[in-house]
Amino acid sequence: MNPDDLRRRLEFYRDLGITTLYRRGDSVSPPRRSTPDSSPGAAPAPERNPRPPSAPPEPASFAKPAPPDQPALLGDGLLPGLAPPDDSMEKIRADIGDCTRCRLHEGRTNIVFGVGNEKSPLVFVGEGPGADEDAQGIPFVGRAGQLLTAMIEKTAAKEGIPLERKDVYICNVVKCRPPNNRTPQPDEMEICGQFLFRQLMVIRPKAIVALGGTAAKALLGTREGVTRLRGKWRRWNGIPVMVTYHPSYLLRPYNKNAKREAWEDLRTVLHYVYD
Ligand code: SF4
Ligand code: URA
């Protein structure tokens, strides 16, 4: 990387609130591209095989700072350790501040950071706030949100798992509402996604549910569609990820099959996390 690129990269990370960088050996791998699952319908691999040889490093090595006299090495396409070693939700929120890092700030009323139990073993990741979320500053409170809440609580109840919406953590890839609810653009996802990644590293849940294609793309780096990705365990930095349909998609008519599949995905996740 030439010095100008390096400077721009470092300024970019500084703007994200990241002031400590780590040596290449200590840095976290970028999310793995579409991870092939061992076998269809298999139980979640992580239980049987918590550290496959190609698994990304554990957070302990992720958080290890470089000795102060070592310059940070940033390879092309390789993200440095993004989070300070003592990262916390408060820190991430403070770093976001009154964020203007991408164009989505222009139309927002509220930054929608996330809601729920910050120690939850299960995190749901959506795409970005809609009108209701923007107005209230809380993710998934509109129609899609009500469906998500019902899906979580009803599926859990049916499976004999005592779980309410407040027990899980819910957030989005981008924290500000895209105009007319358009899909977030790649640069917006990349910039704001760093905050999502930090949230996930702080929580380190047992599993993540990616709701829809945007969350799947942000976490898995794949452009594959939800229909092909859903139903099987993937990984983000070692954490099992289940992709499923976004509740907005399920609200549309003629998606009966998708509804059943989403319920199946959720059931798989709930048993894996809470059994
Ligand atoms: Fe900042 Fe994220 Fe909002 Fe963009 S979407 S302005 S990066 S908080
Ligand atoms: N859709 C999302 O992806 N996120 C929300 O918070 C609400 C609707």
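Analysis parameters
Residues numbered from 1 in each chain as written. Chains lettered and ligands numbered in written order. Predicted model: local features only at pLDDT ≥ 70, side-chain atom pairs only at ≥ 80, totals over all residues. Heavy atoms only, no water. Helix = DSSP H or I, 4+ residues; strand = E, 2+ residues; numbered from the N terminus. Buried < 20%, exposed > 50% of the residue type's maximum accessible area, 1.4 Å probe, protein only. Polar contact = N/O pair within 3.5 Å; in protein donor to acceptor, adjacent residues only side chain to side chain. Near = heavy atom within 4 Å. Nonpolar A, V, L, I, M, F, W, Y, C, P; charged D, E, K, R; others polar. pLDDT = per-residue confidence, 0-100. Contact = heavy atoms within 4.5 Å. Areas by Shrake-Rupley, 256 points an atom, 1.4 Å probe, with all protein chains shown as cover. Phe/Tyr/Trp six-rings, centres within 6.5 Å; stacked < 30°, edge-to-face > 60°. Core = buried A, V, L, I, M, F, W, Y, C linked by side-chain atoms within 4.5 Å. Arc of directions from axis to C-beta. Expected span 1.5 Å × (residues − 1).

Quick look at the side chain of Arg198 now. Along the chain, Arg198 turns up in helix H7 (residues 186-203). Given the relative accessible area of 1%, Arg198 is considered buried. Among the polar contacts made by the side chain of Arg198, one reaches the side chain of Asp95 at a distance of 2.8 Å.

This paragraph deals with the site of ligand 1. Cys99, Arg101, Cys102, Leu104, His105, Arg108, Lys175, Cys176, Ile191 and Cys192 make up every residue found near ligand 1. The class makeup of the residues in the shell around ligand 1 is 6 nonpolar, 1 polar and 3 charged.

For the protein chain, mean pLDDT is 82; residues scoring 70 or higher make up 74% of the total. Confidence over residues 23-81 falls short of pLDDT 50; this stretch has 103 contacts with residues more than four positions distant or in other chains.

In this section: unusual backbone geometry. Here Asn181, not a glycine, exhibits a phi torsion of approximately 55°, which is positive. Its place among the elements puts Asn181 in the loop between strand S3 (169-172) and H7. Even without a glycine there, the phi angle at Tyr254 is positive, about 65°. Judged by its relative accessible area of 82%, Tyr254 falls in the exposed class.

This brings us to the site of ligand 2. Around ligand 2, the neighbouring residues are Gly126, Glu127, Gly128, Glu133, Pro139, Phe140, Asn172 and His246. For ligand 2, a nitrogen atom lies 3.0 Å from a polar atom in the backbone of Gly128. Note that a nitrogen atom of ligand 2 is positioned 2.7 Å from one of the side-chain N or O atoms of Asn172. Coverage of ligand 2 by the protein chains reaches 93% of its 230 Å² of free accessible surface. Its residues placed into classes, the shell around ligand 2 shows 2 nonpolar, 4 polar and 2 charged.

This part takes up the packing of aromatic side chains. Using the criterion set out here, one finds 3 aromatic pairs in the structure. Seen from their ring centres, Tyr245 and Tyr249 are 5.3 Å apart, and the 20° between their planes marks the pair as stacked.

The next point concerns the nonpolar core. Of all hydrophobic cores here, the largest spans 62 residues; its most connected members are Leu122, Phe124, Val125, Leu219 and Trp236. Dropping the residues within four chain positions of it, Val125 is found in contact with Cys171, Asn172, Val173, Leu196, Leu200, Ile208, Val209, Ala210, Leu211, Ala215 and Leu219.

If you check which residues of helix H4 (residues 89-96) are buried, you get Met89, Ile92 and Ile96. Down the axis of H4, the sector holding all buried residues measures 65°, keeping them to one side. Within H4, the exposed residues directed more than 90 degrees away from the buried face are Glu90 and Ala94. Close packing links the buried residues of H4 with S3 and H7. Gly97 lies just past H4 and shows a positive phi near 55°.

Moving on, we come to helix H6 (residues 143-158). Look at H6: 22 Å from first C-alpha to last across 16 residues, which is about the 22 Å you get at 1.5 Å a residue. Looking only at H6, the buried set comprises Ala144, Gly145, Leu147, Leu148, Thr149, Met151, Ile152, Thr155 and Ala156. Considering only its buried residues, H6 is in contact with strand S2 (122-126), S3, strand S4 (207-211), helix H10 (247-251) and helix H11 (256-274). Following H6 by one or two positions, Gly160 has its phi on the positive side, about 75°.

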